[in-house]
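Here's the letter readout for the chains.
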Amino acid sequence: MTSPRDDSESGLTFYEAVGGSETFVRLVRRFYQGVANDPVLRPLYPEEDLGPAEERLRLFLIQYWGGPRTYSDQRGHPRLRMRHAPFRVGTRERDRWLEHMRAAMDEIALPAELDQQLWQYLVMAAHSMVNTLDETPPEQGSAPGNAGDDDGDDPIRISLRP
């Protein structure tokens, strides 16, 4: 069995199979365009300019998927949970993060198999970053998935399928 970052049948890393650095540049740039105006996520980024966060995520994804190890060379071990610990990451933040990432993935339009592989990782990673329990328990008798949803919008549903 191959790792998600290496396809031994083709001899390519995932990084190479998706088009290398340029694909991750486009993905992360599009993702942060969504984050820039998101009232739920924007407060999680203390820098006035999202550029440093964009670079960190891009370098991390490039390294994780088999590209150059620039992230570790510059920042050491990723320690993702530790690096996100100072920020409140609940299910709402997770779902908004995934919503923007899905939009970015749809824009770069990877082949279905590669899209699914990357999306499954991103969903798993987003779920692992949750460090805060939801503040509002579900009301008795309310429909599942609608707890705390008072803005009139349907709740965001995240699927492992692209």
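Residues numbered from 1 in each chain as written. Predicted model: local features only at pLDDT ≥ 70, side-chain atom pairs only at ≥ 80, totals over all residues. Heavy atoms only, no water.

**Focus on helix H6 (residues 91-108)**
So, point 1. If you check H6, its first and last C-alpha atoms are 26 Å apart, about what 18 residues at 1.5 Å a residue would give, namely 26 Å.
So, point 2. Of the positions making up H6, those classed as buried are Glu93, Arg94, Asp95, Trp97, Leu98, His100, Met101, Arg102, Ala104, Met105 and Ile108.
So, point 3. Residues of H6 that are buried sit in contact with helix H2 (21-36), helix H3 (51-64) and helix H7 (112-129).
So, point 4. Ala109 sits one or two residues past H6 and shows a positive phi near 50°. (Helix = DSSP H or I, 4+ residues; strand = E, 2+ residues; numbered from the N terminus. Expected span 1.5 Å × (residues − 1). Buried < 20%, exposed > 50% of the residue type's maximum accessible area, 1.4 Å probe, protein only. Contact = heavy atoms within 4.5 Å.)

**Points about the pattern of salt bridges**
So, point 1. For the structure on display, the rule yields six salt bridges.
So, point 2. One salt bridge in this structure joins Asp38 and Arg96, with 2.5 Å as the shortest N-O distance. Of this pair, Asp38 sits in the loop between H2 and H3 while Arg96 is found in helix H6, placing the two residues 58 residues apart along the sequence.
So, point 3. Classification of Asp38 as buried rests on a relative accessible area of 2%.
So, point 4. Accessibility expressed as a relative area gives 22% for Arg96, which makes it partly exposed.
So, point 5. Ionic pairing is found between Asp95 and Arg94, a salt bridge with its closest N-O pair at 2.9 Å. With respect to class, Asp95 is no different from Arg94; both count as buried.
So, point 6. Among the charged side chains, a network of salt bridges with common partners joins Asp38, Arg96 and Glu99. (Salt bridge = Lys/Arg side-chain N within 4 Å of Asp/Glu carboxyl O.)

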